[in-house]
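Summary of the model geometry
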Amino acid sequence: MPTISSGLLMAGYRLLRPYGDAASSTSPEAAAAFASPWWVVAHLAGALALVQLARVGLRIDDLRGTPTTMLARWSGLAGVALVLPYFGAETFGLHAIGRAGLDDPAVLQLVDEVRGHPAALTTFGLGLLLLAVSGVCTALAWQRAVRSGRWTAPAWAAWPLGVGAALVLPQFYLPPTGRVGFGVAFAVAAVVLAVSALRDGRGRPPQGPGVRQSPSVLRPRETTLRSGVKTTSGSLPS
């Protein structure tokens, strides 16, 4: 259920994260924030939220198999692969620096070196842009499937999450209250898509051979992926 889990994890990331570093990354408040166990918990939730967001692109490509959904699949996979190293440094590197900085504030000078490394910033930014592409392509594919009559859910249902995916990068420049608001809004968008998918699956009549699955399948099904490996999967985004 990648959609709901992505939304809940993103909300948890923004709600649980300590914001002592908002004003300065070298202050005692910043050291306390980095050293907090909640720093690690929140950032792990954020990383997993993006992993689950990428999985939404995989699921819709399994169901539709169009050029748009293929772009959603591969941009999501590439994007999450590029953002995870930065999340790892932010999660564990700054946590270690913060703990040392409680006793030696001079250690906090390393924070900007970790966050501002050119390669780290480049891969992180590019990864988030690719995840934005994945989210928008997922929304487009959903809308086209509904308008073609294949699904009966609202055509706009995937757009709130698509917009949320596109705003993951700019929301990092918001003050703490704005970032918390983004996390909550992202969760709401994920729930909207998940509920729409589930209602579509329950409301459609039985489908015959050769007809694409609706976005929500209530029981596991066997799917043969392009690699030829058979796997059992559940529903699209929920």
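Residues numbered from 1 in each chain as written. Predicted model: local features only at pLDDT ≥ 70, side-chain atom pairs only at ≥ 80, totals over all residues. Heavy atoms only, no water.

Describing empty space enclosed by the protein
The line we're drawing: Of the grid points, spaced at 1 Å and generated over the protein atoms alone, those admitting a 1.4 Å probe that cannot get out make up cavities, while open sets with protein on both sides within 12 Å along at least five of seven lines make up pockets; any residue with an atom within 4 Å of a point is treated as lining. Grid points are joined across faces, edges and corners, and a volume is the space filled by probe spheres set on the points. Helix and strand assignments come from DSSP, with helices taken as H or I runs of at least 4 residues and strands as E runs of at least 2, each series counted from the N terminus.
By the definition in use, this model includes 1 cavity of 30 Å³ or more. Looking at the largest cavity, its volume works out to about 60 Å³. Taken together, L53, V56, G57, S134, G135, T138, A139, A158, L161 and G162 make up the lining of the largest cavity. Secondary-structure elements contributing two or more residues to the lining of the largest cavity are α3 (37-64), α6 (118-147) and α7 (159-166).

Some words on the pattern of salt bridges
Note the following rule: Here, a salt bridge means any Lys or Arg side-chain nitrogen found within 4 Å of an Asp or Glu carboxyl oxygen. Any residue under 20% of the maximum accessible area for its type is buried, any over 50% is exposed, and the rest in between are partly exposed; the area is computed with a 1.4 Å probe on protein chains only.
Taken as a whole and assessed by the stated rule, the structure comprises 6 salt bridges. The residue D21 makes a salt bridge to R115 at a minimum N-O spacing of 2.8 Å. Here R115 lies in helix α5 (residues 110-115) and D21 lies in the loop between α1 (2-16) and α2 (28-35), a separation of 94 residues in the sequence. On the basis of relative accessible area, D21 is assigned to the buried category, the value being 8%. The salt bridge involving D62 is made with R59; its shortest N-O contact spans 3.7 Å. With D62 and R59 both in helix α3 and 3 residues apart, this pair spans about one turn of that helix. Residue D62 is classed as partly exposed on the basis of its relative accessible area of 23%. Taken together, the shared-partner salt bridges in this structure form one network comprising R17, D21, E90 and R115.

Let's talk about the nonpolar core
Note the following rule: Put simply, a nonpolar core is a bunch of buried Ala, Val, Leu, Ile, Met, Phe, Trp, Tyr and Cys residues held in one set by side-chain atoms that sit within 4.5 Å of each other. Any two residues having at least one pair of non-hydrogen atoms within 4.5 Å are treated as being in contact.
Within the largest apolar cluster, 38 residues are counted, with the highest numbers of intra-cluster contacts made by M10, L50 and W142. Setting aside residues up to four positions removed in sequence, L50 forms contacts with M10, V80, V83, F87, L128, L131 and V168. Grouped together as the second largest cluster of nonpolar side chains are 9 residues, A31, F34, L94 and I97 included.

Side note on the packing of aromatic side chains
For any pair of aromatic rings, the description consists of the separation of the ring centres together with the inter-plane angle of the planes. The test is simple: A pair of aromatic rings is counted whenever rings of Phe, Tyr or Trp (Trp by its six-membered ring) have centres within 6.5 Å, and the orientation is called stacked for planes under 30 degrees apart, edge-to-face for over 60 and tilted otherwise.
Scanning the model with the defined rule gives 7 aromatic pairs in all. Geometrically, the ring pair formed by F182 and F186 is tilted, given 5.8 Å between the ring centres and 50° between the ring planes. Note that F182 and F186 are positioned in helix α8 (residues 176-203) at a spacing of 4 residues, about one turn of the helix. Like F186, F182 is buried. Following the ring pairs from residue to residue traces out a cluster consisting of Y13, Y86, F87, F124 and F172.

Structural notes on a nonpolar patch on the surface
Condition: Patch rule: a residue counts if its relative accessible area is over 30% and it has no salt bridge; like charges are joined within 9 Å, and nonpolar side chains (Val, Leu, Ile, Met, Phe, Trp, Tyr) within 5 Å. Computed with a 1.4 Å probe, the accessible areas rest on the Shrake-Rupley method; for each residue, only the protein chains presented here act as cover.
Nonpolar side chains collect at one region of the surface, where L15, L16, W38, V41, V184 and V188 lie side by side and expose about 530 Å² of accessible area between them. Listing elements by their share of the nonpolar patch, those giving two or more residues are α1, α3 and α8. Looking at where L15 falls in the secondary structure, it is placed in helix α1. The class for L15 is exposed, based on a relative accessible area of 52%.

Observations regarding the side chain of E90
We count it as follows: Throughout this description, a polar contact denotes any pair of N or O atoms lying within 3.5 Å of each other; where both atoms belong to protein, one of them has to be capable of donating a hydrogen while the other can accept it, and for residues adjacent in sequence the pair is counted only when both atoms sit in side chains.
Position of E90 among the secondary structure elements: in helix α4 (residues 67-101). A polar contact of 2.8 Å, which involves the side chain of E90, links it to the side chain of R115. Once you skip the residues sitting within four places of it in the chain, E90 turns out to touch R17, W39, H43, H95 and R115.

Observations regarding the environment of Y13
Note that Y13 resides in helix α1. For Y13, a relative accessible area of 3% puts it in the buried group. A sequence separation of 28 residues divides Y13 from V41, and the C-alpha atoms of the two residues are 7.9 Å apart. Apart from residues lying up to four places away in sequence, Y13 is in contact with A42, H43, A45, G46, F87 and F172.

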